[in-house]
Amino acid sequence: MSQPKTFVGLDIGTTSVKVVVAEYANRRLNVIGMGIERSKGLSRGVITDIDQTVESIKSAVQQAEQKANVKIDNVVVGVPSNQISIEPCYGMVAVSSDNREVTDKDVHNVLSAAKVRAIPPEREIISVIPEEFVVDGFDGIRDPRGMVGVRLELYASMITGPTTVVHNIQLCVKRAGLKVQDMVVQPLANAYAAMSNDEREVGTILIDMGGGQTTASVMHDHQLKFSYVDQEGGEYVTKDISTVLNTSVENAERLKREYGYAQAESASPTEYFPVETIGKKEAGRSNEHYLSEIIEARLQQTFETLKTPLDQVEAFDLPGGVIITGGGSALPGVLGLAEDIFGHEATLYMSDQVGLRNPAFTTAYGLVLYAYQLPDIYHVSQVTGNNEPAKPKSTTTNSSLFMNQATSENDTPRPASTVSTPETNDRGFNDEAMESHDDYHYNEDNDYEMDDELDGESESIIDRIKDMFSDMFS
């Protein structure tokens, strides 16, 4: 009997750090432990204090270790989608083995070729996700290893993020005594938890209502196509309650959880509750309806902010509908309010695993599912010498190669993140990005072919291939 394999997801959120431990045994993936600790040192999804974040991670990991009765060494960690970019990339190499059989080395080589891009020094490659391999012109191949050919091509998606964000996450995980097994952008992790395989294929919108920010993302053809971050989350709702009712933030959070509704029409105007008022000895009082009006005003503004960019990319035309998750979605009436604003049916996702039956655990659980479900070829693509995202030599580049960052109207100084696909050719790849490779170009049939001016080593390879398979290059 094979040994059980363990997966650990680490979600470093604005309001809490969550750890989920799952074990794959007897052909089933079961959650065997979890930990949660209040976050310190984060603001709007971004680490602002290394030491405090490390302590929160250590505490959450310790809880998970005790419940799962395992020692945690490696974690799959989530990366917030703030200012991430997703770009198509392309690589091509000659198969290196004498018998022309594609091996792990060839896959590594073609991935390395795809990463040869002009990346600004302030950005970091998080991951390269293969979409398809092409062996000697035969496309649509998911895993080319074991096949025989002379030329291996790769079409992939390259995910990059701010260097500061990526390195701070790596540093915190390292100082907590852990190793980064993989880094996954949070919308991707959420999609693996909240969406079925069909929903990821046909196209679905996912709204993640976090504590520090709210993220709208679109999955289509199993790829993350779009992401937008609004810098308003559950904390803003709590602060609104604190300001209007003149009470502490801690008390406002308690009132929100115990008496709050996302739609004021669902709350009772006759149900009163005491409110501890700052600066007064005697407690005041308020009713559910008034409290819910405060909540609804903020959530309505958030949903309207998200609707604008989703309309611009025609995301609501996709058949998968809208899925809402995240800690903020636990408020009663959120689905109804979202449906009223978006004009489409919405569903709530919450894990059915014991101990995770709260939408706040979606990202941590999704990280585990992502690592578990990905084919082996995806893990090969992330292999580097130090288990950290690979970073090519930085050079000056035209900023038009990178995604424009959309900005929330409510937080102009802090740009929100928009991820979309640049103008592409009929195969779905960016012409301008492809032109950054000097060793191939489009021919009249819009296919890729090698340029005539190659260095001596490349020419010798091509000549050798032509001699062996002249009919392929006629």
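Computed from a predicted model, the values in this text were never measured in an experiment.

Caption draft 1: Layout of the sheet that holds strand β10 (residues 151–162). Strand order across the open sheet formed by 4 strands is β7-β10-β8-β9, with antiparallel pairing between neighbours. Since the sheet does not close on itself, it has two edges, and those belong to β7 (85–94) and β9 (138–141), each with one partner. The sheet shows a mean angle of 35° between the axes of neighbouring strands, direction not considered. Note that strand β8 (residues 123–135) and β9 share 2 bridges and pair antiparallel. Looking across to β9, one finds that V135 is bridged to F138.

Caption draft 2: Region of the structure containing the packing of helix α4 (residues 186–194) against helix α10 (residues 362–373). Look at α4 against α10: their axes get within 7 Å of each other, and the N-to-C directions meet at 80°. For the element pair α4 / α10, the angle class is roughly perpendicular. Where α4 abuts α10, its residues Q186, L188, A189, N190, Y192 and A193 lie against T362, T363, Y365, G366, L367, L369, Y370 and Q373. Each residue belonging to the contact of α4 with α10 can be placed in one class, and the counts come to 8 nonpolar, 6 polar and no charged.

Caption draft 3: Just the sheet that holds strand β3 (residues 28–38), in detail. Strands sit in the order β3-β2-β1-β6-β11 across an open sheet of 5 strands; the sheet is mixed. Pairing within the sheet leaves two strands with one partner each, and these edge strands are β3 and β11 (179–185). Neighbour-to-neighbour, the strand axes of the sheet open up by a mean angle of 25°, direction not taken into account. One ladder, built from 10 bridges, connects strand β2 (residues 16–25) with β3; its direction is antiparallel. Note that in β3 the partner of Y24 across the bridge is L29. Each of β1 (5–12), β2 and β3 touches helix α1 (residues 50–68); the most contacted strand, β3, lies at about 140° to it. In this fold α10 packs onto β1, β2, β3, β6 (74–79) and β11, with an angle of close to 140° to the strand it touches most, β1.

Caption draft 4: Expanded view of unusual backbone geometry. With a phi angle near 55°, R44 is a residue other than glycine that sits in the positive phi range. Taking relative accessible area as the criterion, R44 reaches 19% and is therefore assigned buried. With phi around 55°, E314 is a residue other than glycine that occupies positive phi space. Within the fold, E314 resides in the loop between α8 (288–312) and β17 (322–325). Taking relative accessible area as the criterion, E314 reaches 54% and is therefore assigned exposed.

Caption draft 5: Structural detail: α8. In a regular helix each residue adds 1.5 Å, so 25 residues correspond to 36 Å; α8 covers 36 Å between its end C-alpha atoms and thus fits that length. The opening residue of α8 is N287, an N-cap whose side-chain oxygen sits 3.0 Å from the backbone nitrogen of H289. E314 sits one or two residues past α8 and shows a positive phi near 55°.

Caption draft 6: Examining the nonpolar core more closely. Judged by nonpolar contacts, the single largest core of 85 residues is most densely connected at L10, V19, I57, I72, I169 and L188. When residues no more than four places from it in sequence are discounted, the contact partners of I72 are V8, V19, V21, V61, A64, E65 and L178. Listed in part, the 33 residues of the second largest apolar core include V275, I294, I324 and L331.

The rules behind each value
- Residues numbered from 1 in each chain as written.
- Predicted model: local features only at pLDDT ≥ 70, side-chain atom pairs only at ≥ 80, totals over all residues.
- Heavy atoms only, no water.
- Pairing = 2+ DSSP bridges.
- Helix = DSSP H or I, 4+ residues; strand = E, 2+ residues; numbered from the N terminus.
- Axes fitted to C-alpha atoms, helices over the stretch in contact; angles between N-to-C directions.
- Parallel < 35°, antiparallel > 145°, perpendicular 65-115°, else oblique.
- Contact = heavy atoms within 4.5 Å.
- Nonpolar A, V, L, I, M, F, W, Y, C, P; charged D, E, K, R; others polar.
- Buried < 20%, exposed > 50% of the residue type's maximum accessible area, 1.4 Å probe, protein only.
- Expected span 1.5 Å × (residues − 1).
- Polar contact = N/O pair within 3.5 Å; in protein donor to acceptor, adjacent residues only side chain to side chain.
- Core = buried A, V, L, I, M, F, W, Y, C linked by side-chain atoms within 4.5 Å.

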